[in-house]
Amino acid sequence: MRPSAVRLLNILVPIKRAVDYAVKIRVNPEQTGIDLNVKHSMNPFDEIAVEEAVRLRERLKDAVKSIKVVTIGPPKSAETLRTALAMGADSAIHVEIPESAPAPEPLAVAKTLRALIERQKEGVDVVILGKQAIDDDAGQTGQMLAGLLGWSQATFASKVVVDPELKVANVTREIDGGLEELRCKLPVVITTDLRQVHLTASSHPVDFHFFKEPRYASLPNIMKAKKKPVEKLTSAELGIDLTPRLETVKVTEPLKRVGGGKVANVDELLAKLKEVGITGKHA
Amino acid sequence: MLRTRTSLLSGALVRNYAIVASPHSLVFLEHRQGNLDSASLSALTAASQLGGEVTGLVIGNPEEVSSVVEKAKRLNGLSTLLHCASPQYGTLLPETISPLFEKLLSQNSHFTHVVSAHSSSAKSILPRVAARLGVPVVSDVTSLEHDAASGSTTFTRPIYAGNAISTVCAPFSIPIKFFTVRSTSFAAAGAEDAVEIEVKTLGPIEISDAPTEHIGTSLTKSDRPDLGVASRIVSGGRALKNAETFQSTLYPLADALGAAVGASRAAVDAGYADNSLQVGQTGKVVAPELYMALGISGAIQHLAGMKDSKLIVAINKDPEAPIFQVADVGLVADLFEVVPEIVGKLKQ
């Protein structure tokens, strides 16, 4: 066996169980929150992060030693972990919180993840998570984790190329008005944006294709997932207080936008525009 | 969760005095090619609403900073202006910028709030800094109110793609309150202030061993107004068939109206338009005077990005398309027939 100078990569993917993106949100009558008795699923951005990790392994093969997923959530979050295991993660960690507990804030999540990472005997080289959760739309956790660890960070990533020998990740990210490329020394925290560009096996720049959808777990993979290990922990064991620092005063419905009528033709449409002073702009 | 008692004080920062200090906010003023970003000027307006003092912060490379400082000096609402220049600040890498913020906000600082636009740079930087200081961040704020007596600040912000509004209170126990601001909710501060404000130079903190290196940036070039600040937007959806058709159909209309061009997520995913044109929950949030949605069905996530527009006009072949529920003016028609007709008549 030849000795390997390449460090094998351990990837950690934090995921969140959230109200499904297609659900029509309803604020509860007490105005304390939304009706949570609805369908939940893995936060779509985290699904993309899991997919990204699995694709990194497809490309780097044995250089990826492990893909671990982790969630901080109530007992039902176990289902979300199983979905990620069925997509290709090797093992999972469930930091279980009571059903009635409020969702932890990004800083508390970041502190928990840091504590977990510090416990990993084999270390963690790449943390990939979604750029935001579609429930709170906060978009902070990845950056906070990178800050707590003092690691490199690459947010809103649309293309990730990891070189295990050089121990760097080249990340293309979406910024206001375009794209930016960063070279990040491992270990790194990456947050995924909606669209992922993947290189094919030849890695030639022209051979890339736009990412279609995260894979749906096949039945054999779902069966295999049932046997993959899920470690259960509490925040107390990790020494983290998940109590929210911000107080939610109330949750309300936004001002409802009422649609206007339909017009019959272009002339009527233009007349409506003219009423509010919108005419052609002469260059 | 209603009014939970928060007794946890951050280990990094502790209020040393019992009297509630008057607010003093630090506003991150971003800039591009010598001009201040309009979204940062909205952040300045928000900071002014807190009351108390407002200090602006300009960071960049030496060539840019001096001309930006000249413009920033006259901004309405600023009490002081800090600036810091170094070649390493030519690109805003969170890993190199964060130490500067941390130094400014360290134990003896008088700052009570840190404010920025909800821009891709600020979103990447502020949470990193806040976490290192042990405090939370409130993202994408649409309104705020500071209670001087209790030293607490209450914010509203959209959640669930804007389908609910959350009112959250950051109590006195949070020593520095970080927040990013939704630019469409706060008017950009003007620059007519005749008062001479204090301008101070900050020494940069040179980072020699940053783990991250900037390789390159590619910005989509356009002569059209910037999507984030345009007062008129013409936006296309999946019905536009392909990139060529998207451009040949929409661009003449945008030109005739002097409008920016936007796109739905479906259109961007299908490759008809660049990522930077995406309007929606996970793209840009806009609130122009006129938003024309062409061949856009009106998914929740798209509406999240444009439903605060003054006038929404929708053209779609499907009379049941959800977009018609929010459009002020709806036309059920084949956009490929009517758009050229509109362009022709607008030019008359």
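Predicted model only: the values in this text are computed from it and were never measured. (Residues numbered from 1 in each chain as written. Chains lettered and ligands numbered in written order. Predicted model: local features only at pLDDT ≥ 70, side-chain atom pairs only at ≥ 80, totals over all residues. Heavy atoms only, no water.)

### Digging into the overall build of chain B
Step number 1: When helices and strands are counted, chain B shows 8 helices and 18 strands.
Step number 2: Overall, chain B is about 70 × 50 × 45 Å in size when its C-alpha atoms are taken along their principal axes.
Step number 3: Relative to its full complement of 348 residues, chain B shows a buried share of 56%.
Step number 4: Considering only contacts in chain B between residues 6 or more positions apart, those separated by 24 or more positions represent 68%.
Step number 5: Accessible area for chain B stands at about 13700 Å²; split by element, carbon and sulfur atoms hold 50% of it. (Helix = DSSP H or I, 4+ residues; strand = E, 2+ residues; numbered from the N terminus. Buried < 20%, exposed > 50% of the residue type's maximum accessible area, 1.4 Å probe, protein only. Contact = heavy atoms within 4.5 Å. Areas by Shrake-Rupley, 256 points an atom, 1.4 Å probe, with all protein chains shown as cover.)

### Describing the nonpolar core
Step number 1: Core analysis: the largest hydrophobic core is formed by 86 residues, its most contacted members being A:Val127, B:Leu29, B:Phe101, B:Leu105, B:Phe178 and B:Phe179.
Step number 2: Ranked by residue count, the leading element in this core is helix H3 (residues 106–119) of chain A, at 8 residues.
Step number 3: Apart from residues lying up to four places away in sequence, B:Leu29 is in contact with B:Leu36, B:Ser40, B:Gly56, B:Leu57, B:Val58, B:Ala72, B:Leu75, B:Leu78 and B:Leu81. (Core = buried A, V, L, I, M, F, W, Y, C linked by side-chain atoms within 4.5 Å.)

### Focus: a nonpolar patch on the surface
Step number 1: Residues A:Leu219, A:Ile222 and A:Met223 make up a contiguous nonpolar surface patch of about 290 Å² in total accessible area.
Step number 2: On the secondary structure map, A:Leu219 appears in helix H5 (residues 219–225). (Patch = residues over 30% accessible without salt bridge, like charges linked within 9 Å, V, L, I, M, F, W, Y side chains within 5 Å. Salt bridge = Lys/Arg side-chain N within 4 Å of Asp/Glu carboxyl O.)

### Side note on the interface of chain A and chain B
Interfaces are frequently sized by the accessible area removed from exposure as the parts join.
Step number 1: At the interface, 80 residues of chain A touch 95 residues of chain B.
Step number 2: Our enumeration of links across chain A and chain B arrives at 3 salt bridges.
Step number 3: Close ionic contact of A:Arg257 with B:Asp328 constitutes a salt bridge, the shortest N to O distance being 2.6 Å.
Step number 4: For the pair chain A and chain B, the number of links is 44 residue pairs in polar contact (both at pLDDT 80 or more).
Step number 5: Looking at the side of chain A that touches chain B, the element that brings in the most residues is strand S9 (residues 178–185) of chain A, giving 8 residues.
Step number 6: Here the side of chain A that touches chain B is built from residues that sort into 36 nonpolar, 22 polar and 22 charged. (Polar contact = N/O pair within 3.5 Å; in protein donor to acceptor, adjacent residues only side chain to side chain. Nonpolar A, V, L, I, M, F, W, Y, C, P; charged D, E, K, R; others polar.)

### Details of the pattern of salt bridges
Step number 1: Applying the stated criterion across every chain, the model contains 22 salt bridges over all chains.
Step number 2: Put simply, A:Arg55 and A:Glu51 hold a salt bridge, and the shortest N to O gap is 2.8 Å. Residue A:Arg55 and its partner A:Glu51 are both found in helix H1 (residues 44–60); the two are separated by 4 residues, about one turn of the helix. Per residue, the accessibility class of A:Arg55 equals that of A:Glu51, and both read buried.
Step number 3: In this structure, A:Asp267 and B:Lys345 form a salt bridge, with 2.9 Å as the shortest nitrogen-oxygen distance. In this pair, A:Asp267 sits in helix H7 (residues 266–275) while B:Lys345 sits in helix H8 (residues 335–346), so the two residues belong to two different chains.
Step number 4: For A:Asp267, a relative accessible area of 44% translates into the label partly exposed.

### What about unusual backbone geometry?
Residues and elements named next belong to chain A.
Step number 1: The step from Leu-186 to Pro-187 runs through a cis peptide bond, and the omega angle for that step is 5°.
Step number 2: By the element assignment, Pro-187 lies in the loop between S9 and strand S10 (188–192).
Step number 3: The phi torsion at Phe-156 lies on the positive side, around 55°, for a residue other than glycine.
Step number 4: Relative to the assigned elements, Phe-156 resides in strand S7 (residues 152–163).

### Description of the packing of H7(A) against H8(B)
Step number 1: One can describe the packing of H7(A) onto H8(B) by two numbers: an axis separation of 10 Å at closest approach and a directional angle of 50°. Considering the angle they form, H7(A) stands oblique to H8(B). Crossing hand, H7(A) versus H8(B): right-handed. Judged by residue contacts, A:Val266, A:Asp267, A:Leu269 and A:Leu270 of H7(A) engage B:Val338, B:Glu341, B:Ile342, B:Lys345 and B:Leu346 from H8(B).
Step number 2: When its residues are assigned to classes, the contact of H7(A) with H8(B) shows 6 nonpolar, no polar and 3 charged. (Axes fitted to C-alpha atoms, helices over the stretch in contact; angles between N-to-C directions. Parallel < 35°, antiparallel > 145°, perpendicular 65-115°, else oblique. Left-handed = near helix turned anticlockwise from the far one by under 90°.)

### Focus on the packing of aromatic side chains
All names here are of chain B.
Step number 1: Overall, the coordinates contain 2 aromatic pairs over all chains when judged by the stated rule.
Step number 2: Taken together, a centroid distance of 4.8 Å and an interplanar angle of 55° make the contact between Phe-155 and Phe-179 tilted. Note that Phe-155 is positioned in strand S9 (residues 152–159) and Phe-179 in strand S11 (residues 177–181), a separation of 24 residues in sequence. Taken individually, Phe-155 and Phe-179 each receive the classification buried, so the pair is uniform in this respect.
Step number 3: Lying over the aromatic face of Tyr-251, Arg-224 brings its terminal NZ or CZ to 4.1 Å of the ring centre.
Step number 4: The positively charged end of Lys-241 is found above the aromatic ring belonging to Phe-336, 4.2 Å away from the centroid. (Phe/Tyr/Trp six-rings, centres within 6.5 Å; stacked < 30°, edge-to-face > 60°. Lys NZ or Arg CZ within 6 Å of the ring centre and 35° of its normal.)

### Some words on the pairing of strand S18 (residues 329–332) of chain B
Step number 1: Sheet topology places strand S15 (residues 262–263) of chain A next to S18(B); 2 bridges connect them, and they run parallel. Within S18(B), the residue paired with A:Lys262 across the bridge is B:Gly330. (Pairing = 2+ DSSP bridges.)

### Regarding the environment of A:Val161
Step number 1: For A:Val161, the location among the structural elements is in strand S7.
Step number 2: With 105 residues separating them along the chain, A:Val161 and A:Leu56 place their C-alpha atoms 8.0 Å apart.

### Side note on the side chain of B:Ser109
Residue and element names in this part refer to chain B.
Step number 1: Among the secondary structure elements, Ser-109 is positioned in the loop between helix H3 (94–104) and strand S6 (113–117).
Step number 2: Within the local environment of Ser-109, its side chain forms a polar contact with the backbone nitrogen of Phe-111, the two atoms lying 3.3 Å apart.
Step number 3: Those residues within four positions of Ser-109 in sequence are excluded, and the remaining contacts are Leu-104 and Ile-176.

### Here's the deal with the packing of H3(B) against helix H4 (residues 120–133) of chain B
Each pair of packed helices gets described by two things: the angle between the helix axes and the distance between those axes.
Residue and element names in this part refer to chain B.
Step number 1: For the pair H3 and H4, the least separation of the axes is 9 Å and the interaxial angle reads 50°. Comparing the axis directions of H3 and H4 gives the class oblique. Between H3 and H4 lies a crossing of right-handed hand. Residue-level contacts link Pro-94, Glu-95, Ile-97, Ser-98, Phe-101 and Glu-102 of H3 to Ser-124, Ile-125, Arg-128, Val-129 and Arg-132 of H4.
Step number 2: Residues of the contact of H3 with H4, tallied by class, amount to 5 nonpolar, 2 polar and 4 charged.

### Side note on the side chain of B:Thr45
Step number 1: Within the secondary structure, B:Thr45 sits in helix H1 (residues 38–49).
Step number 2: Excluding residues within four positions of it along the chain, B:Thr45 makes contact with B:Phe186, B:Ala187, B:Ala188 and B:Ala189.

### Some details on the confidence of the model for chain B
Residue and element names in this part refer to chain B.
Step number 1: Residues of chain B with pLDDT of at least 70 account for 94%, and the chain-wide mean is 91.
Step number 2: The low-confidence segment residues 1–12 (pLDDT under 50) makes 25 contacts with residues lying over four places distant or belonging to another chain.
Step number 3: Interface confidence in the predicted complex, given as ipTM, is 0.91; pTM for the same model is 0.89. (pLDDT = per-residue confidence, 0-100.)

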